[in-house]
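Remarks on the overall topology
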Amino acid sequence: MTWDDHLRTHLQELRRGTVVVASLAALREPGYGYGLLQTLADAGFSVDANTLYPLLRRLEDQGLLTSEWDTTESRPRKVYRTSRDGEQLLAALLTDLDAVRTSIETLTEGDLP
């Protein structure tokens, strides 16, 4: 396995762990799947559609997203929004993510006691 292969694999693992946070954060404002892909990409968080759509269904099944059909266009689209439970989970995950970032900075800057 080459260095690039290792990097690609580990970056994928890192992103897999944060795509829930990114999706819950972005969907505090209502959005549909394709629009969310664009929003995430515009924020520098590229996600494959084959990863995102199953994730949206899973988060909805867990009660972390709500959805409704928008039928105002010629093609109906499912619009998602972060639920109250999703907001609470997002806050907890962001707190933990901040703690992880602080820990990594401590390790990389050599500020261990």
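Our subject is the structure that appears above.
In this text the structure is predicted, and so the values were computed from the model without any measurement.

All right, on to the environment of Leu 37 then. Tracing the chain through its elements places Leu 37 in helix α2 (residues 33–42). For Leu 37, a relative accessible area of 13% translates into the label buried. Apart from residues no more than four positions distant in its own chain, Leu 37 is found in contact with Val 47, Asp 48, Ala 49, Leu 52 and Tyr 53.

A few words on the sheet that holds strand β2 (residues 65–70). The strand order across the open sheet formed by 3 strands is β1-β3-β2, and the pairing between neighbours is antiparallel. Looking at the sheet topology across the chains shown, the edges are occupied by β1 (31–32) and β2. Inspection of the sheet shows β2 paired to strand β3 (residues 77–82) by 6 bridges, in the antiparallel sense. Residue pairing across strands places Trp 69 opposite Lys 78, the latter belonging to β3. Together, β2 and β3 form the strand contacts of helix α3 (residues 49–61), whose direction differs from that of β2 by roughly 115 degrees.

Our focus in this paragraph is the packing of aromatic side chains. Per the stated rule, a full pass over the model turns up 0 aromatic pairs. Over the ring of Phe 45 we find Arg 15, and its NZ or CZ is 4.9 Å from the ring centre. The ring centre of Tyr 32 lies 3.7 Å from the NZ or CZ of Arg 77, which sits over that ring.

This part takes up the nonpolar core. Formed by 19 residues in total, the largest nonpolar core has its most connected members in Leu 24, Leu 40, Val 47, Leu 52, Leu 56, Leu 59 and Leu 65. Looking at this core, the elements that each hand over two or more residues are α1 (3–26), α2 and α3. Per-element tally for this core: the top contributor is α1, with 5 residues. Residues within four places of Leu 24 in sequence aside, it is in contact with Leu 59, Leu 64, Leu 65, Thr 82, Gly 86, Leu 89 and Leu 90.

With respect to the helices, strands and loops of the structure, Ser 23 is situated in helix α1. Judged by its relative accessible area of 0%, Ser 23 falls in the buried class. Dropping the residues within four chain positions of it, Ser 23 is found in contact with Leu 36, Leu 40, Leu 52, Leu 55 and Thr 82.

Side chains that differ in sign of charge can pair as their charged atoms come close. On inspection of all chains with the given rule, the structure shows 3 salt bridges. Its salt-bridge partner being Asp 5, residue Arg 8 comes within 2.8 Å of it at the nearest N-O pair. Separated by 3 residues within a single helix, Arg 8 and Asp 5 lie in helix α1, roughly one turn from each other. For Arg 8, a relative accessible area of 53% gives the class exposed.

Right, let's get into the packing of α1 against α3. The axes of two packed helices give the description: the angle between them and the distance between them. As a packed pair, α1 and α3 sit with axes 11 Å apart at the nearest point and diverge in direction by 70 degrees. Looking at the two axes, α1 sits roughly perpendicular to α3. Two secondary-structure elements touch here, α1 through Val 19, Val 20, Ser 23 and Leu 24 and α3 through Leu 52, Leu 55, Arg 58 and Leu 59. Class assignment of the residues belonging to the contact of α1 with α3 gives a composition of 6 nonpolar, 1 polar and 1 charged.

Procedures and definitions
- Residues numbered from 1 in each chain as written.
- Predicted model: local features only at pLDDT ≥ 70, side-chain atom pairs only at ≥ 80, totals over all residues.
- Heavy atoms only, no water.
- Helix = DSSP H or I, 4+ residues; strand = E, 2+ residues; numbered from the N terminus.
- Buried < 20%, exposed > 50% of the residue type's maximum accessible area, 1.4 Å probe, protein only.
- Contact = heavy atoms within 4.5 Å.
- Pairing = 2+ DSSP bridges.
- Axes fitted to C-alpha atoms, helices over the stretch in contact; angles between N-to-C directions.
- Phe/Tyr/Trp six-rings, centres within 6.5 Å; stacked < 30°, edge-to-face > 60°.
- Lys NZ or Arg CZ within 6 Å of the ring centre and 35° of its normal.
- Core = buried A, V, L, I, M, F, W, Y, C linked by side-chain atoms within 4.5 Å.
- Salt bridge = Lys/Arg side-chain N within 4 Å of Asp/Glu carboxyl O.
- Parallel < 35°, antiparallel > 145°, perpendicular 65-115°, else oblique.
- Nonpolar A, V, L, I, M, F, W, Y, C, P; charged D, E, K, R; others polar.

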